[in-house]
Amino acid sequence: MTRTQNIAIVGAGVAGLALAILATQQGHKVNLFERGSTVSSVGAGVTLWPNAMFVMQQMGLERELMRMGGSPDMMRQFDQHGSLQTEFDVLAVNSLCGFPSVTILRRELMSAMAGAFERLGGKITFNSSISAADVMKLGKDFDLVVGADGRMNSVVRQTLYAEEITPRYHGFVNVIGVAKPLTAVPDNVIYDFRGQGQRFGIVPVNDGGCYWAGAWNTSADKERPKADLYAELHQRFHDWPEAVKKILLTCDSASVSRVFVHDIDPLPFWHHDNVLIIGDAAHASLPTSGQGACQALEDAWHLTQLLNQTDNLEIALQRFYQQRHIKTSSAQKVGREFATKIFSEQPEPLLPTSNISAVELSRFWMQGLT
Ligand SMILES: Cc1cc2nc3c(=O)[nH]c(=O)nc-3n(C[C@H](O)[C@H](O)[C@H](O)COP(=O)(O)OP(=O)(O)OC[C@H]3O[C@@H](n4cnc5c(N)ncnc54)[C@H](O)[C@@H]3O)c2cc1C
């Protein structure tokens, strides 16, 4: 190991917690600041594809997450009348990658990661909303300051750029939630129903429940009451296939939230001096990429590796961008292409899940890992 670094991390989301765990395991000293009073469980659930599970294994969390989460075998895409369009063999990609895919509720993922950090003796400083002035001070007090403060209003990202970085809206809302045990669908299949400019996804997790998302093209009206959007969700999807109807009937309305989905354009740099951004703050992608949290986890692993390879922080941070920006830009591009296909005013009549082969996908996901 090279010199022990004193690291300040802003944001205890997926990226911040993963870095806190991995860096602590490598003997670095970590201070983790979170503006919330607890780790955030915003969002319903997340699918951790094999590249994410590789990082989870490095953190010692692979088995725990496999026990807690679901293990999808297949992803099936239907039209809005329930007619099967394509299927995607998840087990085949898992086998090519050498790691499983796990579906998990967001609150369970965050609690497992926070628990792992605590077991290492780490402590999260909650209710600590870091300002731009704080970032400057942290930069003097610590060897490295890492902004893992998310996509929309990253304070750390803004300290790196003279001009304002404005997240980009792509014209669709996601209404998301958690539902009780399903009898309408087998629990090893991810369901993706698509209509013109709208989509409903159902992702089983292992307690027989699931998380789900209904999405459609609309303007980003943030003033619109949640109840109103919820009513529109029912009106749009009430006559969709049985599994969708079942979700609408059984979903826990307290778990429902809405996201007007934004991403950011690829950025030309992610650090200045000893201040760096990772995760969504650096390269937020649309949920249609399925890779936001997975790439945030990869960032944490790569950064820790680089810190252990050299004492020269500038070189480590330059290499971090060189190693990561092509893959993360690709994920951003894929997310936008899918979103355009599904949610544009004139979506393509035939809506394939993907024409990428299992081999190509496994190569992309595992690129740069192991
Ligand atoms: C609907 C939806 C579905 C998704 N599904 C998937 C999926 O299936 N698979 C996948 O890989 N990805 C998915 N994603 C993307 C994934 O959720 C994000 O990419 C991931 O959460 C990014 O992690 P992060 O740690 O960078 O940011 P975040 O998870 O946003 O965490 C940022 C943290 O920083 C804290 N913070 C912010 N500002 C400050 C401050 N000034 N001071 C202190 N703390 C601060 C916040 O409170 C938060 O805890 C989805 C996203 C959405 C919207």
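As the structure is a computational prediction, the values presented were derived from the model and not from experiment.

**Q** Explanation requested: the overall build of the chain in the structure shown.
**A** On a plain count of helices and strands, the chain comes out with 13 helices and 15 strands. Computed over C-alpha atoms, the radius of gyration of the chain comes to 20 Å, within 12% of the 21 Å expected from 2.2 N^0.38 for 370 residues, which places it in the range of a compact globule. Along the first, second and third principal axes, the C-alpha set of the chain runs to 60 × 45 × 35 Å. A total of 370 residues make up the chain; the buried ones form 47% of that total.

**Q** Hey, could you run me through the site of the ligand in this one?
**A** Near the ligand there are 37 residues, and of these Gly 11, Gly 13, Gly 150, Gly 279 and Gly 292 occur at the shortest range. When residues of the shell around the ligand are traced back to their parent elements, those giving at least two are helix 1 (14–25), strand 3 (45–48), strand 9 (168–179), strand 13 (257–263), helix 10 (280–283) and helix 11 (292–309). With four residues, helix 11 is the single largest residue contributor to the shell around the ligand. Among the residues forming the shell around the ligand, the class breakdown is 18 nonpolar, 15 polar and four charged.

**Q** Whenever I open this one, the sheet that holds strand 1 (residues 6–10) confuses me. Can you help?
**A** One key point about sheets: their strands pair by backbone hydrogen bonds, in either a parallel or an antiparallel sense. Strand order in the open sheet formed by six strands is 7-2-1-8-15-14, with mixed pairing between adjacent strands. Strands with a single pairing partner mark the edges of an open sheet, and in this sheet they are strand 7 (124–125) and strand 14 (271–272). Where strand 2 (residues 29–33) meets strand 7, two bridges bridge the pair, whose relative direction is parallel. Bridge pairing in strand 7 links Leu 32 to Ile 124. Sitting on the sheet, helix 1 is in contact with strand 1, strand 2 and strand 8 (144–147), with an inclination near 165° to strand 2. Where helix 6 (residues 132–141) meets the sheet, its contacts fall on strand 1, strand 8 and strand 15 (275–277), and the angle it forms with strand 8 comes to roughly 145°.

**Q** What am I meant to see in helix 4 (residues 90–97) here?
**A** The periodicity of an α-helix, 3.6 residues per turn, causes residues three or four places apart in sequence to face the same way. Three or more residues of helix 4 are buried, namely Val 90, Val 93, Asn 94 and Cys 97. The buried residues of helix 4 all sit within an arc of 105° when viewed along its axis, so they share a single face. Close packing links the buried residues of helix 4 with helix 2 (50–58), strand 4 (74–79), strand 5 (84–89) and helix 13 (358–366). Two residues or fewer past helix 4, Gly 98 is found with a positive phi of approximately 85°.

**Q** Can you walk me through the packing of helix 1 against helix 5 (residues 106–119) in this structure?
**A** When two helices pack together, their arrangement is captured by the angle between the axes and the distance separating the axes. Packing of helix 1 against helix 5 leaves a shortest axis separation of 9 Å and a crossing angle of 30°. With respect to their mutual orientation, helix 1 and helix 5 come out roughly parallel. Note that helix 1 runs across helix 5; the crossing there is left-handed. Where helix 1 approaches helix 5, its residues Leu 17, Ala 18, Ala 20 and Ile 21 are matched on the opposing element by Met 113, Ala 114, Ala 116 and Phe 117.

**Q** Could you clarify how one ought to interpret the packing of helix 2 against helix 11 in this entry?
**A** In contact at an axis separation of 8 Å, helix 2 and helix 11 are set at 40° when each is read in the N-to-C sense. One way to sum up the angle between helix 2 and helix 11 is to call them oblique. In the crossing of helix 2 with helix 11, the sense of the turn from one axis to the other is left-handed. Two secondary-structure elements touch here, helix 2 through Asn 51, Ala 52, Val 55 and Gln 58 and helix 11 through Ala 293, Cys 294, Leu 297, Glu 298, Ala 300 and Trp 301.

**Q** Where do I start with the pairing of strand 11 (residues 198–204) in this structure?
**A** Along any regular strand the residues' side chains alternate between the sheet's two faces. Of all the seven residues making up strand 11, seven are buried; the element is thus mostly covered by neighbouring parts of the structure. Here strand 11 shows two buried faces, one formed by Gln 198, Phe 200, Ile 202 and Pro 204 and the other by Arg 199, Gly 201 and Val 203. Judged from the five bridges that link them, strand 10 (residues 189–195) and strand 11 form a sheet pairing that is antiparallel. Counterpart to Asp 192 in the pairing with strand 11 is Gly 201. In sequence, strand 10 turns back onto strand 11 through a hairpin of two residues, with Gly 197 there showing a positive phi of about 70°. As judged from the seven bridges shared by strand 11 and strand 12 (residues 210–217), these two strands associate in the antiparallel manner. Directly across from Pro 204, in strand 12, lies its bridge partner Cys 210. Joining the antiparallel neighbours strand 11 and strand 12 is a turn of five residues, in which Gly 208 adopts a positive phi near 85°.

Rules used in this analysis
Residues numbered from 1 in each chain as written. Predicted model: local features only at pLDDT ≥ 70, side-chain atom pairs only at ≥ 80, totals over all residues. Helix = DSSP H or I, 4+ residues; strand = E, 2+ residues; numbered from the N terminus. Rg over C-alpha atoms; globule rule 2.2 N^0.38 Å. Buried ≥ 20, exposed ≤ 12 C-beta atoms within 10 Å, placed from the backbone. Near = placed C-beta within 6 Å. Nonpolar A, V, L, I, M, F, W, Y, C, P; charged D, E, K, R; others polar. Pairing = 2+ DSSP bridges. Contact = placed C-beta atoms within 7 Å. Axes fitted to C-alpha atoms, helices over the stretch in contact; angles between N-to-C directions. Arc of directions from axis to C-beta. Parallel < 35°, antiparallel > 145°, perpendicular 65-115°, else oblique. Left-handed = near helix turned anticlockwise from the far one by under 90°.

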